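Okay, here's what each chain looks like letter by letter:
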Amino acid sequence: PMLREDQIDLRRQRAKAANLTIENLGKKRVFSDYRVSNPQSGGRYIVSVRGFDVGDNSCTCPDFKSNTLGTCKHIEAVLDQLK
């Protein structure tokens, strides 16, 4: 099986490739909720950013709910933009 780090890297690569649209829904600049939309698939999820470590954040997408990695491409896309 793929190593956990490889799985996370894969999601970082997918985040960069996906051309996602990110919109801050809250008043705070960093630790906020974001709507992440994929123009290609029409998927829209809410990412909650609470920190910069894996496991600090959450997303409403199916991958996040099932992968037990503590991240997904939507979270990685938001973190990448914030940095």
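Residues numbered from 1 in each chain as written. Predicted model: local features only at pLDDT ≥ 70, side-chain atom pairs only at ≥ 80, totals over all residues. Heavy atoms only, no water.

The computed volume of the largest pocket comes to approximately 250 Å³. Considering the residues around the largest pocket, the lining is formed by 19 residues, among which Ile 75, Glu 76, Ala 77, Leu 79 and Asp 80 are closest to the centre. For the lining of the largest pocket, the elements supplying multiple residues, two or more each, are helix 1 (4–17) and helix 3 (73–82). Broken down by element, the residue count for the lining of the largest pocket peaks at 6 residues, all from helix 3. Taken together, the residues of the lining of the largest pocket sort by class into 8 nonpolar, 5 polar and 6 charged. (1 Å grid on protein atoms, 1.4 Å probe; cavity = no way out; pocket = protein on both sides within 12 Å on 5 of 7 lines; lining within 4 Å. Points joined across faces, edges and corners; volume = space filled by probe spheres on them. Helix = DSSP H or I, 4+ residues; strand = E, 2+ residues; numbered from the N terminus. Nonpolar A, V, L, I, M, F, W, Y, C, P; charged D, E, K, R; others polar.)

What follows concerns the nonpolar core. If you look at the biggest cluster of nonpolar residues, it comprises 16 residues, and the most contacted ones within it are Val 47, Cys 59, Ile 75 and Val 78. Secondary structure elements with two or more residues in this core: strand 2 (33–37) and helix 3. Per-element tally for this core: the top contributor is helix 3, with 4 residues. Filtering out sequence-adjacent residues up to four positions away, Ile 75 remains in contact with Val 47, Asn 57, Ser 58, Cys 59, Phe 64 and Gly 70. (Core = buried A, V, L, I, M, F, W, Y, C linked by side-chain atoms within 4.5 Å. Buried < 20%, exposed > 50% of the residue type's maximum accessible area, 1.4 Å probe, protein only. Contact = heavy atoms within 4.5 Å.)

The next thing to look at is the pairing of strand 3 (residues 44–48). Sheet topology note: the strand 2/strand 3 ladder contains 5 bridges and is antiparallel. Residue Ser 37 lies in a different strand from strand 3, and its bridge partner there is Arg 44. What sits between the antiparallel neighbours strand 2 and strand 3 is a turn of 6 residues, in which Gly 42 has the positive phi angle 80°. (Pairing = 2+ DSSP bridges.)

Further remarks concern unusual backbone geometry. One non-glycine residue, Asn 19, adopts positive backbone phi at about 55°. Residue position: Asn 19 is located in the loop between helix 1 and strand 1 (21–24). Residue class for Asn 19 comes out exposed when judged on its relative accessible area of 59%. For Thr 68, which is not glycine, the phi dihedral falls at a positive 55°. Tracing the chain through its elements places Thr 68 in the loop between helix 2 (62–67) and helix 3. The exposure class of Thr 68 is exposed, given its relative accessible area of 68%.

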